[in-house]
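Here is how the chains run, residue by residue.
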Amino acid sequence: MRQVQHQSAFHPTVILWMMVGLSGFVLLPWYMLDDGLFSFSWVSDGYPFDSDVAPALFLVLQGQKMWLAPLGGLLVLPLALWGRRKNDPVFGNVLIAVGLSGLVWFFAQGYGISLRGWNAAFLTDMFGKLPERQFGMGWGAGLVGSAFLFLLTLGIAARGAVGGDVFVVSSIGLIVGLVTLFILLPILKMLGSALITEDGGYSLSSFAGKFLSLRIWGLGCITGGSRCGVAWNSLFLAVIVGIVTTLLGLVFALIATRTNARFQKLLRALTVLPVITPPFVIGLAIILLFGLSGVFTQGWAWLFDIQPTRWVYGLPGLLIAQTLAFTPIAFLVLIGVVEGVSPSMEEAAQTLRANRWQTFWTVSLPLMRPGLANAFLLGFIESMADFGNPLVLGGNFDVLSTEIFFAIVGAQYDQAQAAVLAIVLLVFTLSAFYAQRFWLGKKSYTTVAGKGDAGVHPPLPRGFTLSIGSVAAFWLMLTVLVYVTILYASFVKLWGVDFSLTFGHYIQAFSVGWNEFGLHWNGSAWDSFFTTLWIALVSALPTAIIGLLTAYLLVRQRFAGKGAFEFGTMLSFAIPGTVIGVSYVIAFNVPPIEITGTAIILIVSFIFRNMPVGVRAGVASMSQLDKSLDESSLTLGANSFQTFIRIILPLLRPAILAALVYSFVRAMTAISAVIFLVSARYDLSTSYIIGRVENNEYGIAIAYATALVFVMLAVIGCMQMIVGRRNIGRRGQAGSANQIQVPGGG
Amino acid sequence: MSVIKSNAASVEFRGVSKVYPGSKVAAVDDVSITVEQGKLVTLLGPSGCGKTTTLRMIAGLEFVTSGKIVIGGMDVTTLPATERDVSMVFQSYALFPHMTVRENVEYGLKFSGFPKKEIGERAMAGLMLVGLQDYGARLPSQLSGGQQQRVAVARALVLEPQVLLFDEPLSNLDAKLRRQVREDIRDLQIKLGLTVVYVTHDQEEALAVSDRIIVMNNAVVAQEGTPRDLYDAPANAFVADFIGEANLLDCEVTSVENGEASVRLGPVSLAMSARGRAPGPARLAVRPDRIDLVNPSTKNTLPATLTKVTYVGKHLECLAETEVGTFFAICHDVDAQVKPGDMVGLDFRGRGPVLIGD
Ligand SMILES: Nc1ncnc2c1ncn2[C@@H]1O[C@H](COP(=O)(O)OP(=O)(O)O)[C@@H](O)[C@H]1O
Ligand SMILES: [Mg+2]
């Protein structure tokens, strides 16, 4: 055994978490303050005695909120472990007992006692009416909760879990805790609220009534009645978009890998488009081109002397917009698959007298089948979850995601209805996700990475090459048209009416002036722009950290329940932003976590919406890091935390940068979740733009969107340059960060 | 100037088994072995027999499913790698690509509580030991494969571990370098008196470097002993065939007296150590280079017909058909006038044939 230099009488990690917990209990305000977590005005607001800002200890000493007292008692209990070593069974058992009972009590009081005293009628019946009430948890509560969590994981590690590795067990505890708190619980709470009837009771039959209503499942459009239910609309749209984007993605992948077309580079550059473009921007362009006052519609009407129609609003427009928006995602998936088909298979087929066409049909295509299914499911999920496009050009074609939105923000404010719709949406996407995972195999994080072995892919049949070439050219033209239109429209005075050019929209949005205080940001967009910027920045770091930590656990560690862990963290892939938005609104506007209307809820939603990006980036590059690097660090006496910090993080620098930038960019372009969560004080760029669109102020909306696209382009460009240059003599490491799959914003 | 010493200790496995999660068969099955202090012991066996798993259990990178591991008299069964005083040289060397050679060597010292000054001195001493004192500022990617490996060895040595582990250390080197490197490792081990456990699947390498060899097959120990023991007296057919080559034949033990057996092989009768066998049918192993081709009329030789004679430079390789089976024999006299179809006598005098178990 290695000689241990310092052998203190009390385990240092226990001291650490006791200190953290006690400072939360004794020093910091227990409850959430009116002006948020990042303000320190409480220091002069009657601290520590005023009950609004008092730490738990002072509350209890003044005879208030006595239910907090046991937490303090539990926090000092680990002192009993003085002098005991980590491998002493008592050590682990005591910590497990303290941590577990602390957590249980912590959440029991949090969820049990709320703004109106006891939270449930049966508790009032049992214990009598409570004279006091409590608010959302704040700093103090947060620290105490974490202290209990990490004392528990320390105890579990001490009992020998995962080789007694405290860092690994604590990390697992952290991720499980966060995912439970910010993904699982909100969803469950939303499910629960779907059962609530108008008069506040719970009823299964009322739920069933709503769930099975004609509004959702009606088949009117087939049987000759009026309209079909929103569920069928969403499903129909998603299936078609899935099929079309998969086929187009395949076309592009084949062109990019199997022909020597000159525009291969251009094609690959296209994949960055969905990342930098807020999803509804495509929808806007479609309106500008084909809408009522769109250039094509107007031109057509003028040419044939007919009334311009609103034909594009609804299914046709949605199909065009979503196909344009999501094809790059399918392309990204399929390019790996197409490259992964070993050329020697195809060469073998040719030596067996198959011609080019037969080779493609009998060998290449079947080998790509799993990839095709994968691309289809991704397109399906993206289309289901898309919110921006249906909002701007859905017309009378209602889909689930917008319907949810209107249930919450509309005049009806019907939480239960929103929850029911969200459940339907969730069932669809989760089924697709489930199918992808269990029908196509487990590797959902990583694409097929392996390049084919030596040999060259045989060229495709001539006619086939020509036809896919023309399809691709058409699509490219359309894409270029979309972006040119957007750019041009941002300078047009009033589209469809007055096509004269102007800087007016930019000036209105982004003007800067001087006044007696110096620089003054006059433009109407600055407020939301700066808010978006700092919130995206603040959320990028935790996203990357949580993502990489999860990836580390998934790739490098073996532990009981790893399958469930993996499934849980992957789940957020499949949860549409709209559903997250609704469930956050429902779950986090009452204690114990009361953060609606704050910046925190935006940050939290970004972190957990974008976490899969960090996980993907981490898994992709960590699987390329030779495992013996960390093992040799361990045998050289570094523990797993030191190894993570000194070996893994430095070697993953490109992946970390990529994860940071992508989560930043996705946060800047996201709309579906945050539209529920923004407030007057914290408005974001995307929701501001959508607001302008709804007011028919297209000019400023488009100018703002254009500016956003350029900002994103600059950010991504800088990152590519930095990542591209960095290459420290490592096997197969270069460029891995560039291949990260990023599902589009939304 | 600090000097690298050794804190060599013994390693002992007591009934160790390892079953990987999700697998039904054991990767290591009830293995009990001892590695004496200051000795170089090789784990030898075909790919997949459990050598790496055994090594990783000594390092603390895998944990036993059952059994006990004792290092230096202390039970370390549940200690993780970080807390064991064992260093390992990995097959891929696992040098940290973002650190210089010197930082690599200093890495482990930083976690061992040495003062800063001593860390530098020890790292230097370690590099000196492997002859790379001038390469400290380079990145691993700027070194040749052999140099990289020496860095990996220095990095492990400076910690003065109780046990030093090597997993197939030569497999990434080109053929010419292998002999040199294995001599270097052996010299260093003897000079510092290190306890070394060395994994290889190459029997020649194992014979050349080891104090003792532990032959593994299918997750169990097939035989252990000195290189000479294993070559001259393989315990069973697997060992006989895996170490060197052997002709394996059915024979008849006619009598056993004072541990000496009389063995009948076709028309030939031979005397050899009984190795615990009773009279009756038995198996015989004969090394190809311990068979002499003689005149067929010589007494007590096995009549044979040559079916194939191949010239391979330093010797002739012959296949000979006999009434008890086909023999593979090596004839060191390259000028011998033998050709296919010739009748010869196979002479097994000296220490040639041994009785083996199954
Ligand atoms: N991490 C692992 N998980 C499951 N099985 C493994 C793992 N590592 C090795 N094995 C299995 O254990 C057996 C022994 O492997 P190993 O010790 O690597 O053999 P060797 O080093 O002798 O080639 C093999 O059958 C191998 O497939
Ligand atoms: Mg091996």
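Residues numbered from 1 in each chain as written. Chains lettered and ligands numbered in written order. Predicted model: local features only at pLDDT ≥ 70, side-chain atom pairs only at ≥ 80, totals over all residues. Heavy atoms only, no water.

Draft legend 1. Broad picture of a nonpolar patch on the surface. All names here are of chain A. Taken together, the side chains of Val 295, Phe 296, Val 480, Val 484, Tyr 488, Phe 499 and Leu 501 present a nonpolar region at the surface, about 640 Å² in accessible area. Those elements giving two or more residues to the nonpolar patch turn out to be helix H15 (295-304), helix H22 (462-489) and strand S4 (498-501). Looking at the nonpolar patch, the element that brings in the most residues is H22, giving three residues. Mapped onto the elements of the fold, Val 484 is located in helix H22. (Patch = residues over 30% accessible without salt bridge, like charges linked within 9 Å, V, L, I, M, F, W, Y side chains within 5 Å. Areas by Shrake-Rupley, 256 points an atom, 1.4 Å probe, with all protein chains shown as cover. Salt bridge = Lys/Arg side-chain N within 4 Å of Asp/Glu carboxyl O. Helix = DSSP H or I, 4+ residues; strand = E, 2+ residues; numbered from the N terminus.)

Draft legend 2. Layout of helix H5 (residues 175-192) of chain B. Residues and elements named next belong to chain B. Across its 18 residues, H5 extends 27 Å between first and last C-alpha, which sits within 8% of the 26 Å expected from 1.5 Å per residue. Taken together, the buried residues of H5 touch strand S3 (40-44), helix H3 (116-129), helix H4 (145-157), strand S7 (163-167), strand S8 (196-200) and helix H6 (203-209). Of the residues trailing H5, Gly 193 is marked for its positive phi of about 65°. (Expected span 1.5 Å × (residues − 1). Contact = heavy atoms within 4.5 Å.)

Draft legend 3. Seen up close, the site of ligand 1. In the vicinity of ligand 1, the contacting residues are Arg558(A), Tyr20(B), Ala27(B), Pro46(B), Ser47(B), Gly48(B), Cys49(B), Gly50(B), Lys51(B), Thr52(B) and Thr53(B). Each of chains A and B places residues next to ligand 1. The separation between an oxygen atom of ligand 1 and a polar main-chain atom of Gly50(B) is 3.1 Å. Protein chains bury 58% of the 560 Å² of accessible surface belonging to ligand 1 in isolation. Across the shell around ligand 1, the residue classes break down as four nonpolar, five polar and two charged. (Near = heavy atom within 4 Å. Polar contact = N/O pair within 3.5 Å; in protein donor to acceptor, adjacent residues only side chain to side chain. Nonpolar A, V, L, I, M, F, W, Y, C, P; charged D, E, K, R; others polar.)

Draft legend 4. Spatial organisation of the domain arrangement of chain A. Residue and element names in this part refer to chain A. Partitioning chain A into structural domains gives domain 1 (10-164) and domain 2 (508-723). Put simply, the middle of domain 1 and the middle of domain 2, counted by C-alpha atoms, are 29 Å apart. Contacts between the two partners involve twelve residues from domain 1 and, on the opposite side, eight residues from domain 2. Interface of domain 1 and domain 2: buried area, both sides summed, is about 920 Å²; carbon and sulfur atoms make up 73% of it. Where domain 1 packs against domain 2, one counts zero salt bridges. For the pair domain 1 and domain 2, the number of links is two residue pairs in polar contact (both at pLDDT 80 or more). Its residues placed into classes, the side of domain 1 that touches domain 2 shows eight nonpolar, four polar and no charged. (Domains from an automatic or database assignment. Buried area = accessible area lost by both parts, 1.4 Å probe.)

Draft legend 5. Just the pattern of salt bridges, in detail. Counted according to the given criterion, the structure contains 21 salt bridges over all chains. For the salt bridge of Glu631(A) with Lys627(A), the shortest nitrogen-to-oxygen distance reads 3.9 Å. In this pair, Glu631(A) and Lys627(A) are both assigned in helix H28 (residues 627-635), four residues apart and thus about one turn of the helix distant. A salt bridge links Glu160(B) to Lys5(B); its shortest N-O distance comes to 3.7 Å. Here Lys5(B) lies in the segment before strand S1 (11-18) and Glu160(B) lies in the loop between H4 and S7, a separation of 155 residues in the sequence. Under the relative-accessibility criterion, Glu160(B) is labelled buried at 6%. If you follow the salt bridges from partner to partner, you end up with Arg558(A), Lys627(A), Glu631(A), Lys18(B), Arg56(B) and Glu62(B) in one network. (Buried < 20%, exposed > 50% of the residue type's maximum accessible area, 1.4 Å probe, protein only.)

Draft legend 6. Looking closely at the side chain of Asp165(A). Residues and elements named next belong to chain A. Along the chain, the position of Asp 165 falls in the loop between helix H6 (139-158) and helix H7 (166-193). Among buried charged residues, Asp 165 stands out as having no salt bridge; its nearest opposite-charge side chain is Lys 86, 7.3 Å away. A distance of 3.2 Å separates a polar atom in the side chain of Asp 165 from the backbone nitrogen of Phe 167. Polar side-chain contacts of Asp 165 include one of 3.3 Å to the backbone nitrogen of Val 168. Residue contacts for Asp 165: discarding those within four places in its chain leaves Ala 157 and Ser 640. (Lys, Arg positive; Asp, Glu negative; His and termini not counted.)

Draft legend 7. Just the nonpolar core, in detail. Core analysis: the biggest nonpolar cluster contains 264 residues, and Leu254(A), Tyr584(A), Phe676(A), Phe13(B) and Leu165(B) have the highest contact counts within it. The contacts of Leu254(A), once residues within four sequence positions are left out, are Thr259(A), Val338(A), Phe360(A), Met368(A), Leu460(A), Phe464(A) and Ile468(A). (Core = buried A, V, L, I, M, F, W, Y, C linked by side-chain atoms within 4.5 Å.)

Draft legend 8. A look at the layout of surface pockets. Residues and elements named next belong to chain A. The volume enclosed by the second largest pocket comes to roughly 1,300 Å³. Sorting the residues of the lining of the second largest pocket by element identifies helix H4 (89-112), H6, H7, helix H24 (526-556), strand S8 (593-594) and helix H27 (599-622) as the ones contributing at least two each. In terms of residue class, the lining of the second largest pocket is made up of 32 nonpolar, six polar and one charged. Two domains share the lining of the second largest pocket, each providing at least three of its residues, namely domain 1 (10-164) and domain 2 (508-723). (1 Å grid on protein atoms, 1.4 Å probe; cavity = no way out; pocket = protein on both sides within 12 Å on 5 of 7 lines; lining within 4 Å. Points joined across faces, edges and corners; volume = space filled by probe spheres on them.)

Draft legend 9. Inspection of the interface of chain A and chain B at higher detail. Every contact between the two is made by 26 residues of chain A and, on the other side, 37 residues of chain B. Counting the contacts that link chain A with chain B gives two salt bridges. The partner of Arg558(A) in a salt bridge is Glu62(B), with the nearest N and O atoms 2.8 Å apart. Where chain A touches chain B, the interface holds nine residue pairs in polar contact (both at pLDDT 80 or more). For the side of chain A that touches chain B, the secondary structure elements donating two or more residues are H28 and helix H29 (640-651) of chain A. A per-element tally of the side of chain A that touches chain B places H28(A) first, with seven residues.

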